[in-house]
Amino acid sequence: MSETTQGVRVQSGSRALRAGVELLSSMRFAIALLTVICIASVIGTVLKQHEPAVNYVNQFGPFWAELFGAVQLNAVYSAWWFLLILAFLVVSTSLCIARNTPKFLSDIKAYKENIREQSLRAFHHKAESPLAQTTEAEARRIGGMLASGGWKVRLQQRDTAAGPGTGWMVAAKAGAANKIGYIAAHSAIVLVCVGGLLDGDLIVRAQMLLGGKTPYAGGGLIAEVKPEHRLSERNPTFRGNLLVAEGTQSSTAILNQSDGVLLQELPFAVELKKFIVEHYSTGMPKLFASEIIIHDKATGEKIPARVEVNHPASYKGIEIYQSSFDDGGSRLKLRAVPMVAGAKAFDVEGVVGSSTQLTNNGGGPGSDTLTLEFTALRTINVENFAGGAENLSGADVRKVDLRESVESRLGAANKTVTKKELRNVGPSVSYKLRDAAGQAREFHNYMLPVDTGDGTPVFLLGVRETPSEPFRYLRVPADDQGGMDGFVRMRAALADPAAREKAVRRYVAQAIEPSRRELAEQLSQSASRALAVFAGALPAAQGKPAGGLQAISDFMEANVPEAERSRAGEVLIRILNGSLFELAQLTRENAGLKPLEQDDRTRGFMTQAVLSLSDAVMYPAPIAFELKDFTQVQASVFQVARAPGKNIVYLGCALLILGVFAMLYIRERRVWVWLSPQGQGSHALMALSTNRKTMDGDKEFVQLAQKLIGAQPQPQTPAGHA
């Protein structure tokens, strides 16, 4: 703001106090604070704010998660050090304004008409010329011409230093608003910071420190939360979230804190009548809006309103923004699909956000008591099938990862945009299975079978261990009825020794003539062992999977010489496929269904069934849940804010625009013309100063010199300054 980086120099007080005041009011200190604020803002933009602590642990590890929490990088804009920096910046910039404003105002008023002739000769822009009229006549002529050109002019009559006679000084100035721009820009910084402090957590933190308010870290109903965790309706500033399901209303906002939440009471209740969402072809939301009714608690008045993104509703000084949308408690009907021997199929109903206990899930691993948590329902899932089912992400389109989105569009010139084949694969359900120790896995299953490109529709059953991992999908082929029953029957029959033996006998009877008993016996033994190894009925080596194609491979490595493995493998796989086909036929016969036809559709089903049965060995749960029916209930996530500093910030932004415009586009210029007597006429010495040396300034001086005194300027490097 000033020509020096020094601050206010206090004449009294201790040396430390004087040095502290000088540093606090200096430009270098303000620039350092702005640099720290910029760095903190970048961190707050890149690092997701106010996420649960476990999310930071999963993404960055326990050390960095603990460090982020210690320095509050997970809540930058409400961190005590960030607010302290803003406060120091306000004080520093205010002192800078107080130090320089009187000087600038005085400079704006001054014409500096007392400048001496020798000083004018030292200016870069100067010109001399004899004039025909007297000094007074020329002074009034030149002053009038400058005034008509928009300059502010002052005339001064004074004695000449070179000899007898009276000389005249014409002093003119223009562009004084340039210095007003400096004041406005620096005042804007103060106003924006003050507005940010008012609209930030400063007042809420003051209530926590002085008013005995504490964050609430428990669970349960909002109505049961104690008063020490609630903020009054008269709270002058806050910003929180309000989730309202269709057909319900809410009047309590949630203010997230690093160690819990505070409840903010509102002077009204928001009722969600209808939630509206439209999607792009990519599945991303194109528009989401809420039809709401505002219920005034004091008067009982009902005010209908519509809230859209960037089009908030306002009532009693509180803005209601459309922030996002969520599930409002959709009702789900699921069917358990057995994945281990002994598990039973059953139906279960629940509501998104609730949980239920499951017992007696079979005798396999994980058969102890489990807790089923219904986490999400998504009715639209648009996936990219250009690269096959490997591109299935299971990503929630309501949550956009800015970093991934940016990185996918930046990088080397050889990075190309891959071809996309977008397809809506229908509804899906997400749930968690939590064991007695509290460990949970997340599952994401699609309701309808999906053709991933090989012509065989499959049900996709996704699972992941932690939220930071992508989903891994088990592909269960759809049978001729469009369901998973065919796979379930084969899975159960594969675990039954009697069913395996019967399937082997059928396979051997079709493959070998009855007269060749010795060959039939050998084939029977090979098929029985192959099915047993594939089913996991034989003990596996430590660290090796018990069942599936990998178990077949391990068996061959242990029992077949390396030179014979290729040919033996082909024979063994052919025997396995034939036995499994007979096993499938046996299950259909027991279910009263007609046998499978020997066609391409059956071959595709059996190929995928073999792969699915192999992968099912590693499925980490005794049961999977298939979505059979649902009743969707939408919910809107509103952001409610009382922001008294908003108008202050708007004023600061306006001043910043005006100030920057004034500093960049308005040049401060001063012109002096000293007229001294010379014979019957006068002699003119003209000089011009400007705050920025530009080509426009050079051209303007040439034009002024020719117009005012009829002289050709002779610029030179200045030897000094006034």
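Treat the numbers as computed from the prediction; the structure is a model and nothing was measured.

A. Highlighting the overall build of the protein chain. Secondary structure assignment for the protein chain yields 18 helices and 26 strands. Burial analysis of the protein chain (722 residues in total) assigns 44% to the buried set. Long-range pairs, those at least 24 residues apart, make up 64% of the contacts in the protein chain with a sequence separation of at least 6. Per element, the accessible surface of the protein chain, about 37,900 Å² overall, is 55% carbon and sulfur.

B. Broad picture of the sheet that holds strand β12 (residues 331-338). Pairing in this open sheet of three strands is antiparallel, and the strands run β13-β12-β23 from one edge to the other. A strand with exactly one partner marks an edge of an open sheet, and here the two such strands are β13 (347-351) and β23 (623-631). Between one strand axis and the next, the sheet turns by 30 degrees as a mean value, whatever way the strands run. One ladder, built from five bridges, connects β12 with β13; its direction is antiparallel. What sits directly across from arginine 335, in β13, is aspartate 347.

C. Region of the structure containing the packing of helix α13 (residues 517-535) against helix α14 (residues 548-559). Contact geometry for α13 and α14: axes closest at 7 Å, N-to-C directions at 125 degrees. Here α13 lies oblique to α14, going by the angle between them. For the pair α13 and α14, the sense of crossing is right-handed. Residues Arg529, Ala530, Val533 and Phe534 of α13 form the contact with α14, whose participating residues are Gly548, Leu549, Ala551, Ile552 and Phe555. When its residues are assigned to classes, the contact of α13 with α14 shows seven nonpolar, one polar and one charged.

D. The arrangement of the packing of aromatic side chains in detail. Under the definition given, this model contains 17 aromatic pairs. Between the aromatic rings of phenylalanine 60 and phenylalanine 68, the centroid separation amounts to 5.2 Å while the plane-to-plane angle is 80 degrees, which identifies the pairing as edge-to-face. Exposure remark for phenylalanine 68: the relative accessible area of 13% places this residue in the buried category. On the numbers, 5.4 Å between centres and 45 degrees between planes, the contact of phenylalanine 123 with tryptophan 672 is tilted. Pair noted here: phenylalanine 123 is in the loop between α6 (117-120) and β1 (125-131) and tryptophan 672 is in strand β25 (residues 669-678), with a separation of 549 residues, a long-range link. Looking at phenylalanine 123, the relative accessible area reads 13%, which means it is buried. Note on tryptophan 672: relative accessible area 4%, which makes it buried. Linked through ring pairs, Phe346, Tyr431, Phe443, Tyr619 and Phe625 together constitute an aromatic cluster. Positioned over the ring face of tryptophan 674 is arginine 158, at 4.7 Å from the centre of the ring. Looking at lysine 173, its charged tip hangs above the ring of tyrosine 111, at a distance of 4.4 Å from the centre.

E. Here's a closer look at a nonpolar patch on the surface. Judged by side-chain polarity, Leu656, Val660, Phe661, Leu664 and Tyr665 come together as a nonpolar surface patch covering roughly 520 Å² of accessible area. Take valine 660: it is sitting in helix α17 (residues 646-665). Valine 660 sits in the partly exposed class, given a relative accessible area of 33%.

F. View of the sheet that holds strand β26 (residues 681-690). In space, the five strands of this open sheet follow the order β1-β26-β25-β3-β2, with antiparallel pairing throughout. Strands with a single pairing partner mark the edges of an open sheet, and in this sheet they are β1 and β2 (152-159). Across the sheet, the mean angle separating the axes of adjacent strands is 15 degrees when strand polarity is ignored. Here β25 pairs with β26 via 10 bridges, running antiparallel. Following the sheet pairing, leucine 675 is matched in β26 by alanine 684. Across the sheet, helix α7 (residues 135-148) is in contact with β1, β2, β3 (166-174), β25 and β26; its angle to β3 comes to roughly 5 degrees. Relative to β26, helix α18 (residues 695-708) is tilted by about 165 degrees, and along the sheet it contacts β1, β25 and β26.

G. Spotlight on the nonpolar core. Ranked by internal contacts, the top residues of the largest apolar core, which has 68 residues, are Leu580, Tyr619 and Phe625. Take this core: its biggest share by element is eight residues, from helix α15 (residues 565-590). Dropping the residues within four chain positions of it, leucine 580 is found in contact with Met490, Leu494, Leu531, Phe534, Met606 and Val610. The next biggest cluster of nonpolar side chains, apart from the first, holds 24 residues, and it includes Val244, Leu262, Ile294 and Ala313.

H. Layout of the side chain of threonine 101. Within the secondary structure, threonine 101 sits in helix α5 (residues 80-109). Given a relative accessible area of 17%, threonine 101 falls into the buried group. Looking at threonine 101, its side chain comes within polar contact range of the main-chain oxygen of isoleucine 97, at 2.6 Å.

I. Representation of the pattern of salt bridges. Counted by the stated rule, this structure contains 29 salt bridges. In this structure, lysine 273 engages glutamate 271 in a salt bridge whose closest nitrogen and oxygen atoms are separated by 3.7 Å. Note that arginine 588 is salt-bridged to aspartate 480, the shortest N-O span being 2.7 Å. Taken together, the residues arginine 588 in helix α15 and aspartate 480 in the loop between β22 (472-477) and α11 (485-494) connect sequence positions 108 residues apart. A relative accessible area of 5% means that arginine 588 is categorised as buried. Each of the salt bridges in this network shares a partner with another, and the network as a whole consists of Asp107, Lys112, Lys179, Glu668 and Arg670.

J. The arrangement of the pairing of strand β6 (residues 249-257) in detail. One ladder, built from eight bridges, connects β6 with strand β7 (residues 260-279); its direction is antiparallel. When the sheet's bridge partners are listed, isoleucine 254 is paired in β7 with leucine 263. The hairpin formed by β6 and β7 contains two residues between the paired strands.

K. Broad picture of empty space enclosed by the protein. Summed over the entire model, instances satisfying the criterion amount to one cavity of 30 Å³ or more. Its boundaries defined by the atoms lining it, the largest cavity holds a volume of some 50 Å³. In terms of lining residues, the largest cavity is bounded by Asp479, Gly486, Arg489, Met490, Ala584, Thr587, Arg588, Leu596 and Phe605. Every element with two or more residues in the lining of the largest cavity is listed here: α11 and α15. In terms of residue class, the lining of the largest cavity is built from four nonpolar, two polar and three charged.

L. Highlighting helix α12 (residues 497-511). With 15 residues, α12 extends 21 Å from end C-alpha to end C-alpha; this agrees with the ideal 21 Å at 1.5 Å per step. Turning to α12, its buried residues number three or more, namely Ala499, Arg500, Ala503, Val504, Tyr507 and Val508. Looking straight down α12, one finds its buried side chains confined to an arc of 165 degrees; they lie on one side. Exposed side chains of α12 directed beyond 90 degrees from the buried face belong to Ala498 and Ala509. In this structure, the buried residues of α12 make contact with α11, α13 and α15.

What counts, and where the lines are drawn
Residues numbered from 1 in each chain as written. Predicted model: local features only at pLDDT ≥ 70, side-chain atom pairs only at ≥ 80, totals over all residues. Heavy atoms only, no water. Helix = DSSP H or I, 4+ residues; strand = E, 2+ residues; numbered from the N terminus. Buried < 20%, exposed > 50% of the residue type's maximum accessible area, 1.4 Å probe, protein only. Contact = heavy atoms within 4.5 Å. Areas by Shrake-Rupley, 256 points an atom, 1.4 Å probe, with all protein chains shown as cover. Pairing = 2+ DSSP bridges. Axes fitted to C-alpha atoms, helices over the stretch in contact; angles between N-to-C directions. Parallel < 35°, antiparallel > 145°, perpendicular 65-115°, else oblique. Left-handed = near helix turned anticlockwise from the far one by under 90°. Nonpolar A, V, L, I, M, F, W, Y, C, P; charged D, E, K, R; others polar. Phe/Tyr/Trp six-rings, centres within 6.5 Å; stacked < 30°, edge-to-face > 60°. Lys NZ or Arg CZ within 6 Å of the ring centre and 35° of its normal. Patch = residues over 30% accessible without salt bridge, like charges linked within 9 Å, V, L, I, M, F, W, Y side chains within 5 Å. Salt bridge = Lys/Arg side-chain N within 4 Å of Asp/Glu carboxyl O. Core = buried A, V, L, I, M, F, W, Y, C linked by side-chain atoms within 4.5 Å. Polar contact = N/O pair within 3.5 Å; in protein donor to acceptor, adjacent residues only side chain to side chain. 1 Å grid on protein atoms, 1.4 Å probe; cavity = no way out; pocket = protein on both sides within 12 Å on 5 of 7 lines; lining within 4 Å. Points joined across faces, edges and corners; volume = space filled by probe spheres on them. Expected span 1.5 Å × (residues − 1). Arc of directions from axis to C-beta.

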